[in-house]
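Results of the structural survey
One letter stands for each residue in the lines below.
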Amino acid sequence: MSEAKIPGVRPYDAPAGGWGALKAVAGALGDQATVIEGGRTLLSANQPEGFDCPGCAWPDPKHTSSFEFCENGAKAVAWEATSKRATPEVFARHTVSELLTWSDHAIEDLGRLTEPMAYDAASDRYLPISWDEAFARTGAALRALDDPNQAEFYASGRASNEAAFLYQLLGRKFGTNNFPDCSNMCHEPTSVGLPDSIGMGKGSVTLDDFDYADLILCFGHNPGTNHPRMMATLRDAARRGATILAFNPLRERALEKFASPQDPVEMATLSSTPIASAYYQLTIGGDALAVQGLMKAMLALDAIDRDFIAEHTTGFEALAASLDALAWPEIERGSGLSRAQLEEAAAACARSDATILCYGMGLTQHRDSSGTVQQLVNLLLLKGNIGRRGAGICPLRGHSNVQGARTVGVAEKPPAALLDSLREVFGFEPPRRHGHTVVEAIEAMERGEAKVFLGLGGNFAVAAPDPIRTFAALRKLDLAVHVATKPNRTHLLVGQDSLLLPCLGRTEIDIQAGGRQAVTVEDSMSMVHASKGLNAPASEHLKSEPAIVAGIARAVLGEDDTIDWAGLAGDYDRIRTLIARVFPDAFADYNERVRAPGGFRLPVPPSDRVWKTASGKANFLVHAPQAGDPRRADPEVMLLTTLRSHDQYNTTIYGQNDRYRGVFGRRDVIFANPEDIAARGLTSGDRVDLAAAFDPGDQRVVRGFTVVARDIPSGCLAAYYPETNILIDLNDRDTRSGTPAYKSVPVRLSAHRPADP
Ligand SMILES: Nc1nc2c(c(=O)[nH]1)N[C@H]1C(S)=C(S)[C@@H](COP(=O)(O)OP(=O)(O)OC[C@H]3O[C@@H](n4cnc5c(=O)[nH]c(N)nc54)[C@H](O)[C@@H]3O)O[C@H]1N2
Ligand SMILES: Nc1nc2c(c(=O)[nH]1)N[C@H]1C(S)=C(S)[C@@H](COP(=O)(O)OP(=O)(O)OC[C@H]3O[C@@H](n4cnc5c(=O)[nH]c(N)nc54)[C@H](O)[C@@H]3O)O[C@H]1N2
Ligand SMILES: [Mo]
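So, here's what we can say about the structure. (Residues numbered from 1 in each chain as written. Chains lettered and ligands numbered in written order. Predicted model: local features only at pLDDT ≥ 70, side-chain atom pairs only at ≥ 80, totals over all residues. Heavy atoms only, no water.)

Regarding the environment of Thr 470
In plain terms, the rule: Strands here are runs of E lasting at least two residues and helices are runs of H or I lasting at least four, both read from the DSSP assignment and numbered beginning at the N terminus. Relative accessibility under 20% of the residue-type maximum defines a buried residue, over 50% an exposed one, and the middle range a partly exposed one, all with a 1.4 Å probe and only protein chains included. The term polar contact refers here to a pair of N or O atoms within 3.5 Å; inside protein, the definition further demands a hydrogen-donor-capable atom paired with an acceptor-capable atom, and it admits residues adjacent in sequence only when both atoms are side-chain atoms.
By secondary structure assignment, the location of Thr 470 is in helix α25 (residues 467–474). When its relative accessible area of 0% is taken as the criterion, Thr 470 is described as buried. As for Thr 470 and Arg 143, which are separated by 327 residues in sequence, their C-alpha atoms are 25 Å apart. Looking at Thr 470, its side chain comes within polar contact range of the main-chain oxygen of Pro 465, at 2.8 Å.

A word on the pattern of salt bridges
In plain terms, the rule: Throughout this description, the term salt bridge denotes a Lys or Arg side-chain nitrogen within 4 Å of a carboxyl oxygen of Asp or Glu.
Scanning the model with the defined rule gives 45 salt bridges in all. A salt bridge links Asp 104 to Arg 489, with the shortest nitrogen-to-oxygen separation between them at 3.0 Å. Of this pair, Asp 104 sits in helix α6 (residues 104–108) while Arg 489 is found in helix α26 (residues 489–492), placing the two residues 385 residues apart along the sequence. Between Arg 406 and Glu 188 there is a salt bridge, with its nearest N and O atoms 3.1 Å apart. Of this pair, Arg 406 sits in helix α21 (residues 402–407) while Glu 188 sits in helix α9 (residues 188–198), and the two are 218 residues apart along the sequence. Look at Arg 406 and you get buried, because its relative accessible area is 18%. By relative accessible area, which is 5% here, Glu 188 ends up buried. If you follow the salt bridges from partner to partner, you end up with Arg 235, Asp 236, Arg 239, Asp 263 and Glu 266 in one network.

Considering the site of ligand 1
For clarity, the threshold we go by: Summary of the distance rule: residues count as near a molecule or strand when at least one heavy atom falls within 4 Å of that molecule or strand. Only the protein chains shown count as cover for residues, and the accessible areas themselves come from Shrake-Rupley with a 1.4 Å probe. Amino acid classes used here: Ala, Val, Leu, Ile, Met, Phe, Trp, Tyr, Cys and Pro are nonpolar; Asp, Glu, Lys and Arg are charged; the rest, including Gly, are polar.
Within the structure, ligand 1 sits among 32 residues, and Asn 248, Glu 252, Gly 285, Asp 287 and Asn 650 are positioned closest to it. Residue Glu 252 places a side-chain N or O atom 2.6 Å away from an oxygen atom belonging to ligand 1. Protein chains bury 99% of the 930 Å² of accessible surface belonging to ligand 1 in isolation. Counted by class, the shell around ligand 1 contains ten nonpolar, 18 polar and four charged residues.

Quick look at a nonpolar patch on the surface
Definition in use: Patch construction takes residues with relative accessible area above 30% that form no salt bridge. Like charges are linked within 9 Å, and nonpolar side chains (Val, Leu, Ile, Met, Phe, Trp, Tyr) are linked within 5 Å.
A cluster of nonpolar side chains, contributed by Trp 19, Leu 22 and Leu 270, occupies part of the molecular surface with about 320 Å² of accessible area. Note that Trp 19 resides in helix α1 (residues 18–31). Residue class for Trp 19 comes out partly exposed when judged on its relative accessible area of 46%.

Here's the deal with the site of ligand 2
Applied cut-off: Note that domain bounds follow an automatic or database assignment of domains.
Residues in contact with ligand 2 amount to 32 residues; listed here are only the nearest, Tyr 154, Ser 156, Glu 545, Thr 651 and Asn 725. Arg 644 places a side-chain nitrogen or oxygen 3.1 Å from an oxygen atom of ligand 2. Its residues placed into classes, the shell around ligand 2 shows 13 nonpolar, 13 polar and six charged. A domain-level breakdown of the shell around ligand 2 finds at least three residues from each of domain 2 (85–186 + 410–503 + 543–570) and domain 4 (630–751).

Topic: the pairing of strand β20 (residues 519–522)
Inclusion rule: One requirement defines pairing of two strands: DSSP has to find at least two bridges between them.
The alternating pattern of β20 places Val 519 and Val 521 on one face and Thr 520 and Glu 522 on the opposite face, and all of these are buried. Inspection of the sheet shows β20 paired to strand β21 (residues 527–531) by four bridges, in the antiparallel sense. In the strand pairing of β21, Glu 522 is matched with Val 528.

Here is the structure:
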């Protein structure tokens, strides 16, 4: 494979981190003209008195006394603290139809929204309106609905606990549980799979556990790009001799070697630390069978903790029987790993007295992911690796507060206890009927049943699968209201009426009637802490998210509503007091505890081996084994996994490089196995088309991308999201959680043929 000849594709041999990362930060700050303020801004990220980095949900070390360096955190901060502005004058120059022809990067790169705007169909432009009018229009549209379930309250995971709590209160008082949430596209299999297994839908480890683990298993996540601060933790673990094993179809550089930009020796000598000692390149979607192979081999070694199993679990016999019935050839075929490889990894599991299992989107975005998550738990339970120091399950959450928003009630299937508590504290009867997930919300819009969409952040339409159906569904709305920091494509898919409400970001000073405010967030490890911005707001017209939600609430529910919305938005301590009343076990003394440096940890019963399941124990759950993906019976059908590049944050594309994968200045590439390329009469570097495998029409095609040979298992392809979302069928999702199967998209690869005119 002569990659050197492909424009923009060249080998990148350096470790992850290192000087490349420092150079990239300087570039990101320069591009957004945030150099002077940005430098100061960065120094406050994840400091006890600063703001929570909007980059990811990895926790902070307890004593953050020195700046924790993170390239992609720096990009996220620079992107928000930019000096570019999407003012009314900018919108006056471009029609919405014109903006729709721009790239996702170009639309957001217009900069920060500065004033409330409303779509004007006559001129096909967004024009400024007053806040009062924006609230009044939203209130009127919601009140005009025949049924509160005709509204959808979407949330993306950057909203603070305070904003999210008010949002769910507004939605429920209005009368619906329609809270489609970005987690429906992300870690929903964790929220659905873990409770039946261990009684809670969150991870069980703390950051300290990584200091004591013998073995760390990494399934389907790319920390060098998506959780860069995790690299410091993995590096420390590797250096003190812990074993790290990676299970990933692609060889991700950061899981191979990492140089810490904070280590003067590594920086001066250009050396690095090896991370994973073995790298298992399983087939896309092969995780459930790989884990079953690991367990089968562990049983053969008798590497199980019988006392733990007897005292703390149910279902072991059934699991053992299912593994017994599963033949090795089936495991090998379905996982793409050999028996010898799995036995080698199982031996490492057997040797370890404390194992942590980390996983990300490579595991959760398939058709059977909730079941796969339960298999991960089975593997840990075999040796009692939950609720022990140095051991546990570690789902790597996405957005910086996606977990917190869920905790405080943004959930389309709310637990009865939450609704009972809301009734008691607020004296109204909350709706009991379950609401819509993201995909269900799209279907409801498509049918014309959902008429008003509110988005608290995010880029709903671009993040979702199937733009052909999803974009058309949004255009059917009576009203869309987008609370956002920057413009994006979802805002341009206008129906009858559309409003853009500009909000403060994490980095900005938030002053309300009660003085300067801090918000609170929860990280991947259930730690809750405060976040306080320090930059001047991007515009004097911005409102905070809690203030916007309160403004909408007053317009919808009336000025005489029994909830003092204005008072709550004026002083967030009062919101936290209410959160503490609704969730007394988790948030008692919220205001006091969150003021302690580092914050506090929410109760995580599995960490103490308390199992809030129906059986009162941790449950081994049998997962009907499925050897490989039946859709691949046709040898021409390949599975595509859709990934993030190093220069993007979900649908926000910062730049065109994916440095660690050796791609520069472009995103239109498809990684494929060299033999698969040859078998189709192609050569690495050729232009190709990728078509949805089971679609009768010819619209679901990505045309003219360049195929690049890579070390990836046969039958597997990888390409960037969101450019490839057109290939993903809306109906293709995890059967139990509804999470779109973004990581196993059946496609056909062929030589490029220009579209028919
Ligand atoms: N800089 C930056 N940080 C981010 C984000 C971002 O976009 N940019 N996004 C945030 C969000 S919302 C999230 S959810 C997280 C996402 O963080 P990740 O979960 O790391 O996200 P992906 O880029 O989707 O990478 C998934 C990894 O899974 C692997 N993979 C693909 N298919 C399979 C499979 O079938 N099995 C296995 N075992 N592996 C597979 C891919 O090769 C890739 O390494 O990051 C968060 N942090
Ligand atoms: N093919 C494919 N599709 C995927 C995925 C995949 O791996 N493959 N991953 C899925 C996952 S894991 C996720 S989480 C979703 C992401 O889905 P979303 O969370 O909906 O998308 P983002 O791209 O994170 O949203 C970006 C927008 O958020 C707004 N924003 C940024 N900061 C703030 C803020 O502080 N407040 C407010 N109100 N708005 C703000 C900006 O306007 C910006 O344009 O995408 C999903 N889609
Ligand atoms: Mo996510």
